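Chain residues, written in single-letter form:
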Protein chains: 2
Amino acid sequence: MATHTGSQAVERAGALLGVIVESGTPRTFSSLVDELGMAKSTTSRLLHALERSRLVHRDRAGAFRPGALFSLHAARPSALHDLSELARPTMEHLSELSRETVNLAVPRGGTPVQIDQVESRYLLGAVSWVGVDVPAHCTALGKVLYAYGALDLPRGALERRTAHSPVDRAQFDHALIEVRRRGWAASLDELELGLAAVGAPVRTVDGTVVAAVSVSGPTSRVNEYGITRLGDLLVAELRGLSALLGHYPARRDVS
Amino acid sequence: MATHTGSQAVERAGALLGVIVESGTPRTFSSLVDELGMAKSTTSRLLHALERSRLVHRDRAGAFRPGALFSLHAARPSALHDLSELARPTMEHLSELSRETVNLAVPRGGTPVQIDQVESRYLLGAVSWVGVDVPAHCTALGKVLYAYGALDLPRGALERRTAHSPVDRAQFDHALIEVRRRGWAASLDELELGLAAVGAPVRTVDGTVVAAVSVSGPTSRVNEYGITRLGDLLVAELRGLSALLGHYPARRDVS
DNA sequence: AACAGCGGTTCCATACTGTGAAACTTTTGC
DNA sequence: GCAAAAGTTTCACAGTATGGAACCGCTGTT
C-alpha cells in the first residue's frame, strides 16, 4: 500500500533530511540507519547525494547536520517570516478568541526576538515591542523559552522593573519548573504595572520548543478572562501548530 | 560521464531545491522546468515528492518556496551559528591580515544583527557590539546591507551620532550608489569619534547579498592601513565565501 | 458559447537506476 | 596486535524513475 505514486528515492532522502533537521542535534550514520530502518548501503548512498546537494553537512566527527542550503536560507531576512506565515492562522485565531495582542518570538542571540504580532482589537492594548529591548525574565515569552531550554538562562542579576519583577534567582528557577509543569507561563505586572501576558511554547512533533506565543493586554482584562483559562487555551491552540511544523510520513512499513 | 555514482533522482531533486532556496524569491513551476531543463513530468513528480517531505511549499499563487523544514531550521537559535561556522575561516584570515576586529552580520528584523566576531589582536580595539543597538546607517555593515537591498532603507530621519554621521538623505543615497560601485563601504568617525570600519558583502553564487563582513578599529590605524586597500582585501577574501555558500553541480549535461 | 493557449498533471512502455546482501575497507576499542 | 564495529563499494536483479504524449482545467479572445 504505497502512500503516493511516485519517487521513492526522493521520499526516503526527504525522510532522512526530516530526521536530521528536526532532531536539531547532529545525527550519526548508524542512528539514522536504526531510525529509518533502511539498508546501510542505501542510507549511505542517499546521504552522499544529499551532501553533494549541500542539504546535509557532515562535520569533522562524521555526524550529519543540516547543510549549507539550510544556513543560507536561515541567513535571509525572510526566513523567519516563513515561520510567521505558518503560525499566522493560529495567531489570528487566538486574537479573535482573546481580542488581545498576540506575539510570536524565537530565541536568537540570547534573547527572545519578536517576529510577528497581531494587534489587539481593543483601543487600549499592548503596543508593539518589536525591537524594544526588554528583560526577558519579566516576559511570558522569555519565561517560556527559558523554561524549555530554548534560551540559555540569563547570567548575572535579574533586573527589577516593577515591584512584581522576579529578581530572586531561586524563586525564578522555581517559577520555571512551574511553567514546565503547567505548560504555560504568565507575567503579571512584572515588566510594567498594568501589563500582563500569558505565553506557551511552540513545539515540533518531537517535542522540541522552537518558539513561543503570548497573549498580552491590561492586567485587569487578562485577569478577567482568567490566567489559567488563557494558558490552557494557548496550549491547546499551539498544539495544532506542531503538526504543521513537524508532521512527516510515518515510517515502519509492514512490508 | 556521470559526475558520481549514485542517486540521480535525489540529485535532481537537490538541484531543484538549490534553485528554489538560492533564488530567494518564489519560483514558478515553468521557470524551474526552463532553468533545469528536465521534462515537465519529472519536475512535477519531484516537486510533489519534495512537498510531501516539507522541503518545498507551494503558496496560494502556486509558486514554490523553501518548505517548513527550512523554516524550522531557521527558527533554531543555532541556525545562524552554522553560517558563522562557514564564514569563520575567512574571518580568522581577515583578522590575521588586518589584526583588527572582524564582524559578521545578517539582516534581521529591519536591522543588521551581528552574529559573529573575531576580536582585535590589539589591546585597543573595537569592542563587542553584539546586542548593542546602533544606528545602521552609521556603520559599514549597515551601509553594505542597505546598498545591496539586503535591508530595507531606513525610514524617518537619519540619527546623528557625530559630526561625521550621514544625516542628509540625498547624500546618503548617493553614498550607497558609491558603495555598489566600489563593492565595499566605509564608516569613518560616523558612529563614534575615533572608530572606523570597512565592510563588504557576502554573496551567494547567484550574486544575492545575504550578509556582510566588516573590519573595524581606531580610525588612525584603519587609515594607516588604507581604506581602499582594506576594502579591496575584504572583497577579494569574501569572494571565496560565495563558493562555500553557493556552489552546486553544473547542470546542462551534453547527453 | 465555442475555442485556442497556457500551465500543470497523469498515463504508460521502456530501460535505466535504485536496491539490499554480502564482500570489503577503515576505524575504534581493548 | 587482534577483534569488532562502522561505513563504503560491488553486483545482479527488479522495481522505479523517465519523458513523450494525452489529458485536464483555467483564462482570455472573438
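Further up the page is the structure itself.
Residues numbered from 1 in each chain as written. Chains lettered and ligands numbered in written order. Predicted model: local features only at pLDDT ≥ 70, side-chain atom pairs only at ≥ 80, totals over all residues. Heavy atoms only, no water.

What follows concerns the packing of helix H1 (residues 8-23) of chain B against helix H3 (residues 40-52) of chain B. Between two packed helices, both the angle of their axes relative to each other and the distance between the axes serve to describe the pair. All names here are of chain B. Viewed as axis vectors pointing N to C, H1 and H3 meet at an angle of 80°, and their least axial separation amounts to 10 Å. Looking at the two axes, H1 sits roughly perpendicular to H3. Contacts between H1 and H3 involve Ala-9, Arg-12, Ala-13, Leu-16, Leu-17 and Ile-20 on the former and, on the latter, Thr-42, Thr-43, Leu-46, Leu-47 and Leu-50. Across the contact of H1 with H3, the residue classes tally to eight nonpolar, two polar and one charged. (Axes fitted to C-alpha atoms, helices over the stretch in contact; angles between N-to-C directions. Helix = DSSP H or I, 4+ residues; strand = E, 2+ residues; numbered from the N terminus. Parallel < 35°, antiparallel > 145°, perpendicular 65-115°, else oblique. Contact = heavy atoms within 4.5 Å. Nonpolar A, V, L, I, M, F, W, Y, C, P; charged D, E, K, R; others polar.)

Rotating chain B by 180° and translating it 0.0 Å along the rotation axis places it on chain A, where the RMSD comes to 0.1 Å. Overall, the copies show the geometry of a two-fold rotation axis. If distances are taken from each C-alpha of chain B to the rotation axis, the shortest is found for Ala74(B), at 2.2 Å. A symmetric contact is evident, with 100% of the interface residues of chain B recurring at the interface of chain A. (Least-squares fit on C-alpha atoms with pLDDT ≥ 70 in both.)

The next thing to look at is the packing of aromatic side chains. For the structure on display, the rule yields three aromatic pairs over all chains. An angle of 10° between the planes, with centres 4.1 Å apart, marks the rings of Phe70(A) and Phe70(B) as stacked. In this pair, Phe70(A) sits in helix H4 (residues 68-75) while Phe70(B) sits in helix H4 (residues 68-75), so the two residues belong to two different chains. Phe70(B) matches Phe70(A) in its accessibility class, with the two residues each being buried. Plain terms: the ring middles of Tyr146(A) and Phe172(A) are 6.1 Å apart, the flat faces sit at 80° to each other, and that makes the pair edge-to-face. (Phe/Tyr/Trp six-rings, centres within 6.5 Å; stacked < 30°, edge-to-face > 60°. Buried < 20%, exposed > 50% of the residue type's maximum accessible area, 1.4 Å probe, protein only.)

In this section: the pattern of salt bridges. Evaluation of the coordinates by the stated rule reveals 18 salt bridges over all chains. For the salt bridge of Glu22(B) with Arg54(A), the shortest nitrogen-to-oxygen distance reads 3.1 Å. Of this pair, Glu22(B) sits in helix H1 while Arg54(A) sits in the loop between helix H3 (40-52) and strand S1 (56-58), on two different chains. A salt bridge links Arg58(B) to Glu51(B), with the shortest nitrogen-to-oxygen separation between them at 3.9 Å. According to the relative accessible area criterion, Glu51(B) is partly exposed, its value standing at 26%. (Salt bridge = Lys/Arg side-chain N within 4 Å of Asp/Glu carboxyl O.)

A few words now on the interface of chain B and chain A. On the side of chain A, 55 residues touch chain B, which itself brings 55 residues to the contact. Both sides of the chain B and chain A interface together cover about 4800 Å² of buried area, and 59% of this is carbon and sulfur. Across the contact surface, chain B and chain A share four salt bridges. There are eight residue pairs in polar contact (both at pLDDT 80 or more) connecting chain B and chain A. (Buried area = accessible area lost by both parts, 1.4 Å probe. Polar contact = N/O pair within 3.5 Å; in protein donor to acceptor, adjacent residues only side chain to side chain.)

The subject of this paragraph is unusual backbone geometry. For Asp189(A), which is not glycine, the phi torsion reads 60° and is therefore positive. Mapping Asp189(A) onto the fold places it in the loop between strand S5 (185-188) and strand S6 (195-203).

Moving on to the sheet that holds strand S6 (residues 195-203) of chain B. All names here are of chain B. Pairing is antiparallel across the open sheet formed by five strands, whose spatial order is S4-S3-S7-S6-S5. Of all strands in the sheet, those with a lone pairing partner are strand S4 (111-118) and strand S5 (185-188), marking the two edges. Strand after strand, the sheet turns through a mean of 25° between neighbouring axes, direction not considered. Pairing analysis gives nine bridges linking S6 to strand S7 (residues 209-218), with the strands arranged antiparallel. Of the residues in S7, the one forming a bridge with Ala-200 is Val-213. Across the sheet, helix H6 (residues 140-147) touches strand S3 (101-108), S4, S5, S6 and S7, and the angle it forms with S7 is around 155°. (Pairing = 2+ DSSP bridges.)

Turning to the environment of Val10(B), a few remarks are in order. Structurally, Val10(B) is set in helix H1. Given a relative accessible area of 3%, Val10(B) falls into the buried group. Along the chain, Val10(B) and Leu46(B) lie 36 residues apart, while their C-alpha atoms are 8.8 Å from each other. In this structure Val10(B) touches Ala9(A), Val10(A), Ala13(A), Leu46(A), Ala49(A) and Leu50(A), once residues within four positions along its chain are discounted.

The subject of this paragraph is the sheet that holds strand S7 (residues 209-218) of chain A. Sheet strands pair by backbone hydrogen bonding; their relative direction is either parallel or antiparallel. Residue and element names in this part refer to chain A. Spatially, the five strands line up as an open sheet ordered S4-S3-S7-S6-S5, and their pairing is antiparallel. Edge positions in the open sheet fall to strand S4 (111-118) and S5, since each of these has one partner strand only. Within the sheet, the average angular offset between the axes of one strand and its neighbour, ignoring direction, is 25°. Across four bridges, the pairing between S5 and S6 is antiparallel. What sits directly across from Ala-186, in S6, is Val-198. Running over the sheet, helix H6 (residues 140-147) touches strand S3 (101-108), S4, S5, S6 and S7 and is turned about 155° from S7.

A word on helix H5 (residues 79-98) of chain B. Residue and element names in this part refer to chain B. The end-to-end C-alpha distance of H5, which contains 20 residues, comes to 28 Å, matching closely the 28 Å that a straight helix rising 1.5 Å per residue would cover. Every buried residue belonging to H5 is among Ala-79, Leu-80, Asp-82, Leu-83, Ser-84, Ala-87, Thr-90, Met-91, Leu-94, Ser-95 and Ser-98, and all of these are buried. With its phi angle positive at about 65°, Arg-99 sits one or two positions after the end of H5. (Expected span 1.5 Å × (residues − 1).)

So, on to the environment of Gln114(A). Residues and elements named next belong to chain A. Secondary-structure assignment places Gln-114 in strand S4. For Gln-114, a relative accessible area of 14% puts it in the buried group. Placed 99 residues apart in sequence, Gln-114 and Val-213 show a C-alpha to C-alpha distance of 9.4 Å.

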